[in-house]
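Read off the chains here:
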Amino acid sequence: MKSLPYFCRGEVVRGFGRGSKELGIPTANFPDSVVDNLPADISTGIYYGWACIGNGDVYKMVMSIGWNPYYKNTKKSMETHVIHKFKEDFYGQTLSVVLVGYIRSEKSFPSLEDLIAAINSDIEEAKVKLELPEHIKLKEDNFFTSTTNSEYSTVSNKIK
């Protein structure tokens, strides 16, 4: 995937309401305008990277891009699980992320328990991979400190 790392940001919008309630794994969802502008070579699947809410700290994250086969969605989504416990929701705030790597393709699961186990495995894999020096340096990228910087559009593949 030549578009990785991929930098994007957008307002956190309400999703399907399943992340926290059904899965116990809260997600922040991007609006359709961000999803629709993904480069063609970023296929559906599970990714890992870094995320920041507003001007806050940068945390590890995993993201599902696609139709979530278990739920048979008809609308493509980008659902980010920031690996941090937040005290409250952050709907309406700006979410900035950098997709660093790919974990696996999206797939359906025979049960909700199997889906939750796979997501937890994805989270653990992301935690390990993001400790690699080439990934840690992206946590410090000025993308996360320049939310109004004209160098970045709402969605961009940053070229160095």
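As recorded in an unreviewed UniProt entry, the chain goes by the name Riboflavin kinase, listed as coming from Poecilia mexicana. For the chain, the Catalytic activity (unreviewed entry) comment in UniProt is given as "riboflavin + ATP = FMN + ADP + H(+)". As its UniProt record puts it under Cofactor (unreviewed entry), the chain is described as follows: "Zn(2+)".

**Considering the overall build of the chain**
When its secondary structure is counted, the chain shows four helices and seven strands. Look at the contacts in the chain between residues 6 or more apart in sequence, and 70% of them connect residues 24 or more apart. Carbon and sulfur atoms provide 51% of the accessible area of the chain, an area that totals close to 8400 Å².

**Notes on the confidence of the model for the chain**
Low pLDDT means the predicted atomic positions in that stretch should not be read closely. Put simply, the chain has an average pLDDT of 87, and 88% of its residues get 70 or more. Considering each helix and strand of the chain separately, the mean pLDDT is smallest for strand E7 (residues 155–156), with a value of 45, and largest for strand E3 (residues 45–53), with 97. Taken as a whole, residues 149–160 scores under 50 in pLDDT and shows 28 contacts with residues more than four places along the chain or in a different chain.

**Some details on the pattern of salt bridges**
Inspection of the entire model under this criterion finds five salt bridges. For the salt bridge of Asp 32 with Lys 75, the shortest nitrogen-to-oxygen distance reads 3.6 Å. One end of the pair, Asp 32, is in helix H2 (residues 32–35); the other, Lys 75, is in the loop between strand E4 (58–66) and strand E5 (77–82), and 43 residues separate them in sequence. The exposure class assigned to Asp 32 is partly exposed, which follows from its relative accessible area of 37%. Accessibility expressed as a relative area gives 43% for Lys 75, which makes it partly exposed.

Here is what the cut-offs are and how they apply
Residues numbered from 1 in each chain as written. Predicted model: local features only at pLDDT ≥ 70, side-chain atom pairs only at ≥ 80, totals over all residues. Heavy atoms only, no water. UniProt positions renumbered as here; feature names shortened; annotations may be inferred. Helix = DSSP H or I, 4+ residues; strand = E, 2+ residues; numbered from the N terminus. Contact = heavy atoms within 4.5 Å. Areas by Shrake-Rupley, 256 points an atom, 1.4 Å probe, with all protein chains shown as cover. pLDDT = per-residue confidence, 0-100. Salt bridge = Lys/Arg side-chain N within 4 Å of Asp/Glu carboxyl O. Buried < 20%, exposed > 50% of the residue type's maximum accessible area, 1.4 Å probe, protein only.

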